[in-house]
Amino acid sequence: MSATAKAEAGPLSDAEIVEAYLTASMIPDPDAAAAYMAPGTVITFTGGRQFDHPRGPTGFNAKRYRWVKKKMDRFDVCPGDGETVVYSVGTLYGEWMDGTAFEGNRYVDRFVVRNGQITKMDVWNDSAERILVQRGIDA
């Protein structure tokens, strides 16, 4: 469906807001992704790193991967009082910095959506575990 058709169809659902954010993030176009976030949004990334704009995770990923994308398998939507929690669950695929391809790297992203905007995001994935294996560390 085109952007014009979606706009005519009405406001996006909370899951569609999250999907649109993630899609923009994967381009990567952090400024377009930021359009789905409320001012003051906190993004807590892997390792407890905190960012206040999608440029933070984009910059971090640029140090870890040549490129990375998400295969979004599903969205779990949990409506609450005045907010919705949306989980995006799937796998990462791409290339490590040394050019080695990877796929099947599990991720879970947790979003809080209020009044049509993302107000909080938490990110977890298996990349650190995979990096340990790459380096021969059995921890």
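In what follows, the accompanying structure is described. Keep in mind that what you see is a predicted model, and the values were worked out from it rather than measured.

**What about the nonpolar core?**
In step 1: One finds Tyr21, Phe111, Val113, Ile118 and Met121 to be the most contacted residues of the largest nonpolar core, which totals 16 residues.
In step 2: Broken down by secondary-structure element, the contributors of at least two residues to this core are helix H2 (14–26), strand E1 (37–44), strand E5 (101–114) and strand E6 (117–125).
In step 3: At five residues, H2 tops the list of elements feeding residues into this core.
In step 4: If you look at the next biggest cluster of nonpolar residues, it comprises seven residues, including Tyr65, Val68, Leu92 and Phe102.

**What to know about the sheet that holds E5**
In step 1: Across the sheet, six strands lie side by side as E2-E1-E6-E5-E4-E3; this open sheet has mixed pairing. Unpaired on one side and paired on the other, strand E2 (50–51) and strand E3 (65–79) mark the two borders of the sheet.
In step 2: Where E3 lies against strand E4 (residues 84–96), 13 bridges are found, and the strand directions are antiparallel. Across the sheet, Trp67 pairs through a bridge with Glu95, a residue of E4.
In step 3: Each of E1, E3, E4, E5 and E6 touches H2; the most contacted strand, E3, lies at about 175° to it.

**Re the environment of Thr100**
In step 1: Its place among the elements puts Thr100 in the loop between E4 and E5.
In step 2: Given a relative accessible area of 38%, Thr100 falls into the partly exposed group.
In step 3: Every residue in contact with Thr100, bar those within four places of it in the chain, is listed here: Gly94 and Glu95.
In step 4: Of note is the side chain of Thr100, whose polar atom sits 2.8 Å from the side chain of Asp98.

**Focus: H2**
In step 1: An ideal rise of 1.5 Å per residue puts 18 Å on 13 residues; H2 measures up with 19 Å between its terminal C-alpha atoms.
In step 2: For H2, the set of buried residues is Ala15, Ile17, Val18, Ala20, Tyr21, Leu22, Ala24 and Met26.
In step 3: Of the surrounding secondary structure, the elements contacted by the buried residues of H2 are helix H3 (30–34), E1, E3, E4, E5 and E6.

Reading guide: rules and limits
Residues numbered from 1 in each chain as written. Predicted model: local features only at pLDDT ≥ 70, side-chain atom pairs only at ≥ 80, totals over all residues. Heavy atoms only, no water. Core = buried A, V, L, I, M, F, W, Y, C linked by side-chain atoms within 4.5 Å. Buried < 20%, exposed > 50% of the residue type's maximum accessible area, 1.4 Å probe, protein only. Helix = DSSP H or I, 4+ residues; strand = E, 2+ residues; numbered from the N terminus. Pairing = 2+ DSSP bridges. Contact = heavy atoms within 4.5 Å. Axes fitted to C-alpha atoms, helices over the stretch in contact; angles between N-to-C directions. Polar contact = N/O pair within 3.5 Å; in protein donor to acceptor, adjacent residues only side chain to side chain. Expected span 1.5 Å × (residues − 1).

Distances and angles like these do not, on their own, reveal function.
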